[in-house]
Amino acid sequence: MLCAAASACLQLRAADPASAATGTSVGAETQAAAQVATAGGYRTGVAVLDLATGAYSGAGDDSRPFASESVVKAFIATQLLLSGQMTGDVEPIAYRMITASDDTAATMLYDRVGGDSVVRQVGAHYGITDLGSPPTRPGRWGNTQITAKGLVYLYAAIARDPVVGPWLMDAMAHARPTGADGTSQVFGLLAVDSAAAVKQGWGRDGADAGRSVYASTGYLQGRYAVALLTDGPGAFYGSPIADTLTAQATALMPDGHLGSPTDSRAVVPAVVPAMAGGPAGVVDSVDAGATTLTVTGTIFDPAVPVGQSPTVTVSVDGGAPVRASVPPQQVPPGSAARSLAWSSYHVDLAVAPGQHAVTVSYVDAATGRNVVRGTWYVTAQPAAADSPWWQHRGVVALAAALALAGTVAGAHAAVRRLGRPDPEAAAEPAATPAPPPVPQRLPVPQRLPVPRRPPPPKPGTTLVRLPSGQLVRMHTGTLARLDPELARRLSPRTRPVPPRARPRAGATGAVRRPGSPQRAMAVAAGRRE
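Described below are features of the structure shown in this document. (Residues numbered from 1 in each chain as written. Predicted model: local features only at pLDDT ≥ 70, side-chain atom pairs only at ≥ 80, totals over all residues. Heavy atoms only, no water.)

Some words on the overall build of the chain
Helix and strand content of the chain: 15 helices and 17 strands. Of the roughly 28500 Å² of accessible surface on the chain, 58% is carried by carbon and sulfur atoms. (Helix = DSSP H or I, 4+ residues; strand = E, 2+ residues; numbered from the N terminus. Areas by Shrake-Rupley, 256 points an atom, 1.4 Å probe, with all protein chains shown as cover.)

Comments concerning the packing of helix 3 (residues 72–82) against helix 5 (residues 103–110)
With their axes 10 Å apart at the nearest point, helix 3 and helix 5 run at an angle of 45 degrees to one another. In this view, helix 3 runs oblique relative to helix 5, as classed from their interaxial angle. Pair helix 3 / helix 5 crosses with left-handed handedness. Contacts between helix 3 and helix 5 involve Lys73, Ile76 and Leu80 from the former and Asp103, Ala106, Leu109 and Tyr110 from the latter. Grouping the amino acids of the contact of helix 3 with helix 5 by side-chain chemistry returns five nonpolar, no polar and two charged. (Axes fitted to C-alpha atoms, helices over the stretch in contact; angles between N-to-C directions. Parallel < 35°, antiparallel > 145°, perpendicular 65-115°, else oblique. Left-handed = near helix turned anticlockwise from the far one by under 90°. Contact = heavy atoms within 4.5 Å. Nonpolar A, V, L, I, M, F, W, Y, C, P; charged D, E, K, R; others polar.)

Observations concerning the packing of aromatic side chains
Evaluated as defined, the whole model comprises eight aromatic pairs. Summarising the aromatic geometry, the rings of Tyr42 and Phe236 are spaced 5.0 Å apart at their centres and angled 50 degrees between planes, so their arrangement reads as tilted. Within this pair, whereas Tyr42 is found in the loop between helix 2 (25–39) and strand 1 (43–50), its partner Phe236 is found in the loop between strand 8 (224–232) and helix 10 (239–252), the two being separated by 194 residues in sequence. We classify Phe236 as partly exposed; its relative accessible area is 26%. Among the aromatic residues, those joined into a ring-pair cluster are Phe187, Trp202, Tyr214 and Tyr237. The side chain of Arg204 reaches across the aromatic face of Tyr237, ending 3.9 Å from its centre. (Phe/Tyr/Trp six-rings, centres within 6.5 Å; stacked < 30°, edge-to-face > 60°. Buried < 20%, exposed > 50% of the residue type's maximum accessible area, 1.4 Å probe, protein only. Lys NZ or Arg CZ within 6 Å of the ring centre and 35° of its normal.)

Describing the nonpolar core
Phe75, Met97, Leu154, Tyr155, Trp167, Leu168 and Tyr219 are the most contacted members of the largest nonpolar core, which has 56 residues in total. The element best represented in this core is helix 7 (residues 148–159), accounting for 10 residues. Not counting residues within four places of it along the chain, the set of residues in contact with Leu154 comprises Phe75, Val122, Tyr126, Ile128 and Leu131. (Core = buried A, V, L, I, M, F, W, Y, C linked by side-chain atoms within 4.5 Å.)

Regarding helix 7
In this model, helix 7 (12 residues) spans 17 Å end to end at C-alpha, consistent with the 16 Å of a helix rising 1.5 Å per residue. Counted residue by residue, helix 7 has 12 buried out of 12 residues, so it is predominantly covered. Among the residues of helix 7, Ala148, Lys149, Gly150, Leu151, Val152, Tyr153, Leu154, Tyr155, Ala156, Ala157, Ile158 and Ala159 are the ones counted as buried. (Expected span 1.5 Å × (residues − 1).)

A few points about the packing of helix 2 against helix 10
Two numbers describe how helix 2 lies on helix 10: the axes approach to 8 Å, and their chain directions differ by 160 degrees. When the axes of helix 2 and helix 10 are compared, the pair comes out roughly antiparallel. Classified by chirality, the crossing of helix 10 by helix 2 is right-handed. Of the residues in helix 10, those touching helix 2 at Glu29, Thr30, Ala32, Ala33, Ala34, Val36 and Ala37 are Thr244, Ala247, Gln248, Ala251 and Leu252. When grouped by side-chain class, the residues that make up the contact of helix 2 with helix 10 number eight nonpolar, three polar and one charged.

Considerations on the pairing of strand 8
Across a regular strand the side chains alternate sides, sitting on one face of the sheet and then on the other. In terms of burial, strand 8 is largely enclosed, as nine of its nine residues are buried. Bridge count for strand 1 against strand 8 is eight bridges, and the pairing is antiparallel. When the sheet's bridge partners are listed, Ala47 is paired in strand 8 with Ala227. Where strand 7 (residues 211–220) meets strand 8, nine bridges bridge the pair, whose relative direction is antiparallel. Counterpart to Ser216 in the pairing with strand 8 is Leu228. A loop of three residues connects strand 7 with strand 8, the two strands running antiparallel in sequence, and Gln221 in this loop sits at a positive phi of about 55 degrees. (Pairing = 2+ DSSP bridges.)

A closer look at unusual backbone geometry
In this model, Ser101 sits at a positive phi of 50 degrees, which is unusual for a non-glycine residue. Position of Ser101 among the secondary structure elements: in the loop between helix 4 (90–99) and helix 5. Relative accessible area serves as the criterion here: at 2%, Ser101 is assigned to the buried category. Unlike most non-glycine residues, Gln221 shows phi in positive territory, near 55 degrees.

Looking at helix 4
Most of helix 4 is tucked away, with eight of its 10 residues classed as buried. Here helix 4 has its buried residues at Val90, Glu91, Pro92, Ala94, Tyr95, Met97, Ile98 and Thr99. The positive-phi residue at the C-terminal boundary of helix 4 is Ser101, with phi of around 50 degrees.

Quick word on the sheet that holds strand 6 (residues 197–206)
Strands sit in the order 2-1-8-7-6 across an open sheet of five strands; the sheet is antiparallel. Of all strands in the sheet, those bounded by a partner on one side alone are strand 2 (56–60) and strand 6. Looking at each pair of strands side by side, their axes are set apart by 5 degrees on average, direction ignored. Where strand 1 lies against strand 2, five bridges are found, and the strand directions are antiparallel. Each bridged residue has a counterpart across the sheet, and for Val48 the counterpart in strand 2 is Ser57. Where helix 2 meets the sheet, it contacts strand 1, strand 2 and strand 8, and its direction lies at approximately 20 degrees from that of strand 2.

A look at the pattern of salt bridges
Summed over the entire model, instances satisfying the criterion amount to six salt bridges. Note that Asp61 is salt-bridged to Arg43, the shortest N-O span being 3.5 Å. Pair noted here: Asp61 is in the loop between strand 2 and strand 3 (66–67) and Arg43 is in strand 1, with a separation of 18 residues, a long-range link. In this structure Arg43 comes out as partly exposed when scored by relative accessible area, which is 26%. A salt bridge links Asp231 to Arg211, with the nearest nitrogen and oxygen atoms 2.7 Å apart. On the criterion of sequence distance, the pair formed by Asp231 in strand 8 and Arg211 in strand 7 is long-range, its members being 20 residues apart. (Salt bridge = Lys/Arg side-chain N within 4 Å of Asp/Glu carboxyl O.)

Comments concerning the sheet that holds strand 5 (residues 145–146)
The strand order 3-5-4 describes an open sheet built from three strands, whose pairing is antiparallel. Each of the sheet's edge strands pairs with one partner strand only, and the pair in question is strand 3 and strand 4 (132–133). Pairing of strand 3 with strand 5, which is carried by two bridges, proceeds in the antiparallel orientation. Looking across to strand 5, one finds that Ala67 is bridged to Gln145.

Next comes the structure, spelled out in structure tokens:
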């Protein structure tokens with residue numbers, strides 16, 4: 001535990017008079033900032049701590065817990081620095097976690113600092129008992145519970161800590177205008193004071209989950225630690241709640257600054273070099289292909305005028321540095337923030353297969369000094385598909401087999417041409433006649449639809465046109481009774497119905513017609529009709 005940092009924090013708490021919240025203009029502005037949110041149906045906690053005098057001003061639920069969202073990333077970075085882990089590949093990941101509020105980076109580093117216990121570790125290190133508590137939903141770091149009052153005292157302790165302050169405050173001073181997930185970070189404190197060093201937060205982890213929470217926290221004017229924590233219904237997520245925090249920050253700084261403009265007492269010395277800083281940036285990726293190496297990232301150099309390019313160099317295995325392609329720094333449209341003029345850089349290098357040490361450096365335009373951003377170790381290994389086809393073992397073996405087979409076949413052919421018996425001819429199987437060719441199947445022609453024929457007329461019926469013109473089918477017997485003459489003319493070829501057969505004299509029983517069952521039985525019995 002750093003005693004100097006803890007004692008400085010306790011000294012600030014000792015200078016926390018009860019009248020500080022109402023006896024100064026900062027206290028009135030803090031109350032006004034809270035009223036902006038509560039009037040819109042939000043719950044809010046507003047806290048301001050003067051790092052020079054130790055005066056504290058709070059309003060709303062400044063001592064009640066809120067979901068931290070991405071503000072907990074400042075705790076992760078603090079614990080990495082305190083534990084000595086901010087080295088190697090960890091440092092650029094942590095820098096991106098703070099400047100771009102990268103969730104993936106936070107997830108990668110969360111377990112390194114103790115996971116859900118990080119809030120208690122940081123609070124215990126600096127002696128802040130009301131900083132917050134672990135997430136109510138284990139493993140969900142955005143659900144970590146923090147208070148606005150505890151947070152500003154933490155920022156005061158960090159500002160005086162030579163181990164954490166220079167790195168973390170520099171990263172907060174270089175917050176990108178857009179987060180890694182595409183959300184604008186220019187709301188709240190940063191929307192009103194473009195020089196603010198901030199850690200913003202946004203998400204739906206309020207009341208365990210479902211409620212919108214936006215946070216704007218950090219340092220103003222190199223003197224004040226400020227926390228705006230605001231919670232609202234889930235439907236308020238996005239622009240409504242972000243605009244509310246901007247309105248709160250405007251009420252806190254009605255003239256664009258906090259407190260009296262004539263009060264220019266300096267803060268702790270650690271803040272000044274951290275805020276001034278040299279070139280800063282993030283190495284996004286160091287990728288090695290088969291024969292090429294690609295480095296990408298972003299850079300900001302305050303000493304480079306707008307419209308000119310900062311200098312980024314990349315060296316491989318300690319070789320001569322190669323300058324990356326960096327476009328000129330440009331301030332985003334609609335913003336006057338000089339610190340938002342980031343530039344993306346990109347460099348491609350040819351490398352041989354194997355492991356390489358890649359060092360990325362920024363050149364400070366003010367001093368000409370090389371600022372090493374970090375060293376990455378990557379391996380360039382050609383993929384199997386990148387090798388020439390003739391170098392593959394399978395191809396070589398196949399080629400050798402074909403060559404051997406061709407040599408043996410050529411020897412057999414030569415022996416046969418000379419008329420000598422071939423010693424291996426007997427072992428060769430007899431040639432099998434080739435199977436007859438399979439006749440090609442012709443395409444089946446498409447069947448055309450067959451016109452449907454009308455059903456044949458029923459026997460003993462005919463078509464008759466009624467006086468109305470309608471054709472109807474009528475039985476000839478019925479027609480003969482209705483109109484005998486018409487029936488005769490319509491069916492001239494109708495054969496007369498033969499008269500019913502009469503039984504012969506002396507015959508008994510039923511009349512047996514030819515082909516009837518009775519006739520068959522009579523024939524079977526040997527009788528004749």
